[in-house]
Structure formats: structure tokens, C-alpha cells
Amino acid sequence: MTTLSDLHQRTRRRFVAAGLETPDLDARLLLEHCTGTTRLDLIRAPERIIAPEQSAELEKAVERRLAGEPVHRILGWREFYGMRLSLSPDTLEPRPDTEALVDLVLPRIRATAAKKGSCSILDLGTGTGAIALALLSTVPQARALGADVAQGALETANANAEANGLADRFDTALSDWFGEISGRFDAIVSNPPYITDCELADLPADVKDHDPLRALSGGSDGLDAYRAIAKDAASHLEPGGVVAVEIGSRQKADVIAIFSEFGFGLDAEKSDLGGRDRAVSFTL
Ligand SMILES: C[S@@+](CC[C@H](N)C(=O)[O-])C[C@H]1O[C@@H](n2cnc3c(N)ncnc32)[C@H](O)[C@@H]1O
């Protein structure tokens, strides 16, 4: 008979031996997922007997993890800004670094909502809906349109809006950047693909093999999406509006130069938790 604690220790040891970066966390998340237990159960009821089917399910999950699949792809969801967001093959796994973009633009969105009683947001390349939904969850007067070129991503974003009680303020549009977007917005936000062709080849397998290429690839210099967004942003912005984008840690000067070509000036910037340049915002 296998107990919860046995399974946890055994899984942890296998992950340590395999050199995984976060063996404790990965073991616990997979254990909880496959046995329907919580972190508290492991503390309060470590001797709980686990059914053979659940142990077998955990074994399959452990094998997938040891074969290099990211833990959140196995779980099928990832936390972002306090929300649980489902993933699909068409969506990037939202990263904690992207919370810097949310934090950067939030004061402006709050200020607009306070002044106008509403705030319209366009999230270009919405993926799971992470950025738009984080903003909606924090500012009740805001509405957002999440656009993406991947239909599958829009389905996941809509499901995430529904699951987090935000569907009545969230719409989606299938669009190549601004291609199918009409109207003007108080805030345009985006975490576009920004990896250069050269960097793509060197990405770790857990990113390269599991995040969709179109969510990563920013063209030869990584800046294609910023050019496309900067070119049409002014004609979709309300007077006094803001455009905020996530950037690669070495792209700040290039992205500022691209937006300035189209009349935008730097408004604010924010680093990620590792102290790297991560988000910039612009106004006209
Ligand atoms: C880096 S991911 C960001 C996903 C999500 N916003 C996040 O932060 O987790 C970039 C997203 O842009 C989308 N995308 C790529 N090319 C696009 C295009 N031409 N027009 C619209 N969206 C595009 C991808 O499908 C992907 O969902």
C-alpha cells in the first residue's frame, strides 16, 4: 500500500536525480493533480493511502516530466496574476515575467476607469487571455478585446474568461495584429513574439518543443511584431491612450526607436523580478 508521503518522496527523489530545476515543486504539483489532494493534505494526512489507479496516473505524469514536458503542460493550466488559466497547444504558457506588463499599465487603466467610468483594452496576441484577464480581474469598469491569429488560442482565452467570471467583459477577434480590428481603445497591450531566429535554435527544449512557434518567433531580429503594432497603433488609440508592450531584455532601445518613428514617446517602463528590462509603455 502506498501512502501520499511515500509517493511524494519517491517522486521528489526521481526529479532530484534527473537534475530538474524545481524538483520539490514539480513533485508536489503532479502529486496533487493526480491524487486530488492539496498541500495541506500532505502535511495533515501524509499516511493517507493512495489508490493504485491514482499512483498509476502519477507514474505516467512523472514519465512525461522526466521526458522533458513542462510541469504546467502536464497539468493543463498555469497560475497568472492569481488566476488559474487553461493552456492548449495553441497558447503560450503565461510566464511570471509578463506580470510586469500588467503592473506597468494598471495605474493608467485605473486612472482612465476612474475618470471616464470605463476603460477599453485591446490585447494583441492574447493567447490564454492572460494580460487582458488580469487587467479585467483588477479593474471592474474595464472591458477587453483579446485578438490573436490562432483560433485555438481564442477558444482557450474565452474558456479562461468564463472560468474566471470575466466573460461578460471579454470578447475575442481572430486578427493578424490590427487587420480585423476596428475602433479605438484606451489601452493597447501586447506580449508579442520577440525571439530572434538565431535565439530560437538555442531555446531550451521545454520551451521550443511545447510553446507554439508563432508565439515565440519575432523574425530575424525579433522585432517584426513591434513594427506591425507601432505602425497602426495610433489609428486605434483614444486621445490620451497608452500602448504597452512586453520586450526581450535587450530590446528596449530598439523598441523605443520603432515606436518613436510612428510618433510615440516613452511613457513608463518596468523590469521583471530578475531586474531585466521587461515592459515599456508609450503615448502620443
Ligand atoms: C508571446 S505569446 C503571448 C501570449 C499571451 N498574451 C501571454 O502573454 O501569455 C504571443 C501571441 O501572439 C500571437 N500572434 C503571433 N502572431 C500574431 C499575429 N500576426 N497577429 C496576432 N497575434 C499573433 C500568438 O498566437 C501568441 O498567442
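Residues numbered from 1 in each chain as written. Predicted model: local features only at pLDDT ≥ 70, side-chain atom pairs only at ≥ 80, totals over all residues. Heavy atoms only, no water.

### Focus on the domain arrangement of the chain
Part 1 of the argument: Taken domain by domain, the chain comprises domain 1 (2-75) and domain 2 (90-283).
Part 2 of the argument: A C-alpha centroid distance of 34 Å is found between domain 1 and domain 2.
Part 3 of the argument: Between domain 1 and domain 2, the contact holds 5 residues from the first and 7 residues from the second.
Part 4 of the argument: Both sides of the domain 1 and domain 2 interface together cover about 470 Å² of buried area, and 43% of this is carbon and sulfur.
Part 5 of the argument: Three residues, Pro70, His72 and Arg73, lead the burial of domain 1 against domain 2; their summed loss comes to 80% of the area buried on that side. (Domains from an automatic or database assignment. Contact = heavy atoms within 4.5 Å. Buried area = accessible area lost by both parts, 1.4 Å probe.)

### Side note on the packing of helix α1 (residues 4-17) against helix α4 (residues 52-66)
Part 1 of the argument: With their axes 11 Å apart at the nearest point, α1 and α4 run at an angle of 15 degrees to one another. Viewed along their axes, α1 and α4 adopt a mutual orientation that is roughly parallel. The handedness of the crossing between α1 and α4 is right-handed. Residues Leu7, Thr11, Arg14 and Phe15 of α1 lie in contact with α4, whose contacting residues are Ser55, Leu58, Glu59, Val62, Arg65 and Leu66. (Axes fitted to C-alpha atoms, helices over the stretch in contact; angles between N-to-C directions. Helix = DSSP H or I, 4+ residues; strand = E, 2+ residues; numbered from the N terminus. Parallel < 35°, antiparallel > 145°, perpendicular 65-115°, else oblique. Left-handed = near helix turned anticlockwise from the far one by under 90°.)

### What to know about the sheet that holds strand β7 (residues 170-174)
Part 1 of the argument: Taken in spatial order, the 7 strands of this open sheet run β7-β6-β5-β8-β9-β11-β10, and their pairing is mixed. The open sheet is flanked by β7 and β10 (265-271), the only strands paired with a single partner. Neighbouring strand axes in the sheet, compared pairwise and without regard to direction, differ in orientation by 20 degrees on average.
Part 2 of the argument: Inspection of the sheet shows strand β9 (residues 237-246) paired to strand β11 (residues 277-283) by 4 bridges, in the antiparallel sense. Among the inter-strand pairings, Glu246 is bridged to a residue of β11, identified as Ala279.
Part 3 of the argument: Lying over the sheet, helix α11 (residues 224-233) contacts β5 (119-124), β8 (185-190) and β9, oriented at roughly 175 degrees with respect to β9.
Part 4 of the argument: Across the sheet, helix α12 (residues 252-261) touches β9, β10 and β11, and the angle it forms with β11 is around 15 degrees. (Pairing = 2+ DSSP bridges.)

### Quick look at α11
Part 1 of the argument: Of all the residues in α11, the buried ones are Ala225, Tyr226, Ile229, Ala230 and Ala233. Mapping the buried residues of α11 onto a view down its axis gives an arc of 125 degrees, with all of them on the same face.
Part 2 of the argument: Next to the buried residues of α11 lie β5, β8, β9 and α12. (Buried < 20%, exposed > 50% of the residue type's maximum accessible area, 1.4 Å probe, protein only. Arc of directions from axis to C-beta.)

### Structural notes on the packing of helix α2 (residues 23-35) against α4
Part 1 of the argument: Put simply, α2 and α4 touch, their axes get as near as 9 Å, and they point 140 degrees apart. Crossing of α2 over α4 shows right-handed handedness. Contacts between α2 and α4 pair Asp26, Leu30, Leu31, Cys34 and Thr35 from the former with Gln54, Glu57, Leu58, Ala61, Val62 and Arg65 from the latter.
Part 2 of the argument: Along the lines of polarity and charge, the residues of the contact of α2 with α4 split into 6 nonpolar, 2 polar and 3 charged. (Nonpolar A, V, L, I, M, F, W, Y, C, P; charged D, E, K, R; others polar.)

### Remarks on the site of the ligand
Part 1 of the argument: The local shell around the ligand holds 17 residues, among which Gly125, Asp148, Asp176, Trp177 and Asn191 are the closest.
Part 2 of the argument: With respect to the ligand, the backbone of Thr126 contributes an N or O atom lying 3.3 Å from a nitrogen atom.
Part 3 of the argument: Contacts to the ligand include Asp148, whose side-chain N or O atom sits 2.7 Å from an oxygen atom.
Part 4 of the argument: Protein chains shield 94% of the accessible area of the ligand, which is 590 Å² for the free molecule.
Part 5 of the argument: Residue classes in the shell around the ligand are distributed as 8 nonpolar, 6 polar and 3 charged. (Near = heavy atom within 4 Å. Polar contact = N/O pair within 3.5 Å; in protein donor to acceptor, adjacent residues only side chain to side chain. Areas by Shrake-Rupley, 256 points an atom, 1.4 Å probe, with all protein chains shown as cover.)

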